[in-house]
Amino acid sequence: MNVLELQHLKKYYATHKAVDDISFSIPKGSIFGLLGPNGAGKTTLLRMITGIFYPDAGEILFDGRPFDPRNDIQYIGYMPEERGLYKKMKVGEQAMYLAQLKGLSTQEARQKIDYWFNRFDITSWSNKKIEELSKGMQQKVQFISTIMHQPKLLILDEPFSGLDPINSQLIQDEIFQLAKSGTTIIFSTHRMEQVEEICDHIVLVNKGKKVLDGPVKQIRQDFKHHLYRIGLDEMPNPAQMATYHFTIVKNHEKGFTVKINEHSSTNDILAHFINQGIQINYFEEILPTIHEVFIQQVKTTDMEAVAN
C-alpha cells in the first residue's frame, strides 16, 4: 500500500513553474529519497506534502484518500533543513511544547521525552537553553521532536547536517528502525552516498519536472554501461586478449576493466579467459553510483531545457 501518492502536481510562482506536473507514489515503510539540484522544486514539493502550500493543480492522496492538512498533519513529522527550534527555550520545555502540539498528553509526552532523551544521551541537557547547544546537539533535539508522536510519514530534509560520524550513525540507525516498524520516510539530501546507503526508492526532479523514479537497485541496473572489472594472477600477452566478446577500457596493475560487446555475455568473457588458461582472481560488474546517475540525468535535462 502507498502511504503517499502525488498525482500531476503543479505549483507556479508568476511565470516560474516550481513544480510542473509531477507524479509519484511512496510505498508504506519505505525510505524514499527526494533528490534534485538547488532550485529543482524539492522544497516546494515538501511544502505541499505538509500542507504549507496548496497545489495549483493535481491531487495528493494520503493513506489512499485525499490529503486533508487540517486532520492529516498530526500523522506527519517534518524536520526542515532550516531548523525551527526556539533558541531561548530550554531543551525539555521545547520538547514538551512540540509534543503537545502534535496531540500528546502531558503524561504521554513526558514518557516519550524520557525515553528518547535517554536513548540519545541528552537527559543532562534538559534544562539548558537551545542556544547553549552545539549545532549537532540541536540537531538531535530537532530529530527527537520530529518523531516523538510516531508519525506515519516522516520527512527529513538534510538530517545529518552538523552531526559528527558517531551521531550520524545514531540517527541513521533510528531511521532504519523507524522504517522497520512501519514509518514511511522521505529523505532529502545532496549527499548521494547517503542516498545509496539508506534509501530503497528515489525520485529525481529537475527544473520542476520528474526526471526518474524507482527502486535504487533497479535504477543502477537501468543505467549500467556493461562494464566489468577482472583481476588476474598474471597479465596476459596481447594475443591472449584478442577477442570480439569485449573491449578493454582500462588496464589495472593486475587486471582490466572491460566492456561487453553487443551480442556477447559474461559467460563469453569467462570462457575466453578459461580457454586461454588465464587464472581469474575476481570478476565483478561495475554499476554506476547514484551520484553518477544524478549528474548524468541533471546534465541531460539541463541541455534539453536549453534546446527547448
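See the structure shown above.
Residues numbered from 1 in each chain as written. Predicted model: local features only at pLDDT ≥ 70, side-chain atom pairs only at ≥ 80, totals over all residues. Heavy atoms only, no water.

## Overview of unusual backbone geometry
And then number 1: One non-glycine residue, D21, adopts positive backbone phi at about 65°.
And then number 2: Counting through the fold element by element, D21 comes out in strand β2 (residues 16-27).
And then number 3: A residue is classified by how much of its surface remains accessible, and D21, at 38% relative accessible area, is partly exposed.
And then number 4: In this structure, K207 takes a positive phi of about 55° despite not being glycine.
And then number 5: Take K207: it is sitting in the loop between β9 (201-206) and β10 (209-215). (Helix = DSSP H or I, 4+ residues; strand = E, 2+ residues; numbered from the N terminus. Buried < 20%, exposed > 50% of the residue type's maximum accessible area, 1.4 Å probe, protein only.)

## Comments concerning helix α1 (residues 42-49)
And then number 1: When you tally the buried positions in α1, you get 6 out of 8 residues, the bulk of the element.
And then number 2: Within α1, the full set of buried residues consists of K42, T44, L45, L46, M48 and I49.
And then number 3: Residue G51 follows α1 closely and has a positive phi angle near 80°.

## Considering empty space enclosed by the protein
And then number 1: One pass over the full model with this rule turns up 1 cavity of 30 Å³ or more.
And then number 2: One number sums up the size of the largest cavity: a volume of about 40 Å³.
And then number 3: If you go around the largest cavity, the residues you meet are L35, I202, L204, L212, I290, V293 and F294.
And then number 4: Among the secondary structure elements, those contributing two or more residues to the lining of the largest cavity are β9 and α11 (290-307).
And then number 5: Among the elements that line the lining of the largest cavity, the one with the most residues is α11, at 3 residues. (1 Å grid on protein atoms, 1.4 Å probe; cavity = no way out; pocket = protein on both sides within 12 Å on 5 of 7 lines; lining within 4 Å. Points joined across faces, edges and corners; volume = space filled by probe spheres on them.)

## A closer look at a nonpolar patch on the surface
And then number 1: Taken together, the side chains of Y86, Y97 and L101 make up a nonpolar region of the molecular surface, amounting to roughly 320 Å² of accessible area.
And then number 2: Looking at where L101 falls in the secondary structure, it is placed in helix α3 (residues 91-101). (Patch = residues over 30% accessible without salt bridge, like charges linked within 9 Å, V, L, I, M, F, W, Y side chains within 5 Å. Areas by Shrake-Rupley, 256 points an atom, 1.4 Å probe, with all protein chains shown as cover. Salt bridge = Lys/Arg side-chain N within 4 Å of Asp/Glu carboxyl O.)

## Focus: the sheet that holds strand β3 (residues 31-35)
And then number 1: Taking strand neighbours across the sheet as the criterion, the 6 strands line up as β6-β7-β8-β3-β9-β10 in an open arrangement whose pairing is mixed. Whereas interior strands pair on both sides, the edge strands pair on one side only; in this sheet they are β6 (76-79) and β10. Across this sheet, the average inter-strand angle for adjacent strands is 15°, counted without regard to direction.
And then number 2: Bridge analysis of strand β7 (residues 153-157) against strand β8 (residues 184-188) gives 5 bridges, and the strand direction is parallel. By the bridge assignment for β8, L156 is matched with F187.
And then number 3: Relative to the sheet, α11 contacts β3, β9 and β10, its axis offset from that of β9 by approximately 30°. (Pairing = 2+ DSSP bridges. Axes fitted to C-alpha atoms, helices over the stretch in contact; angles between N-to-C directions. Contact = heavy atoms within 4.5 Å.)

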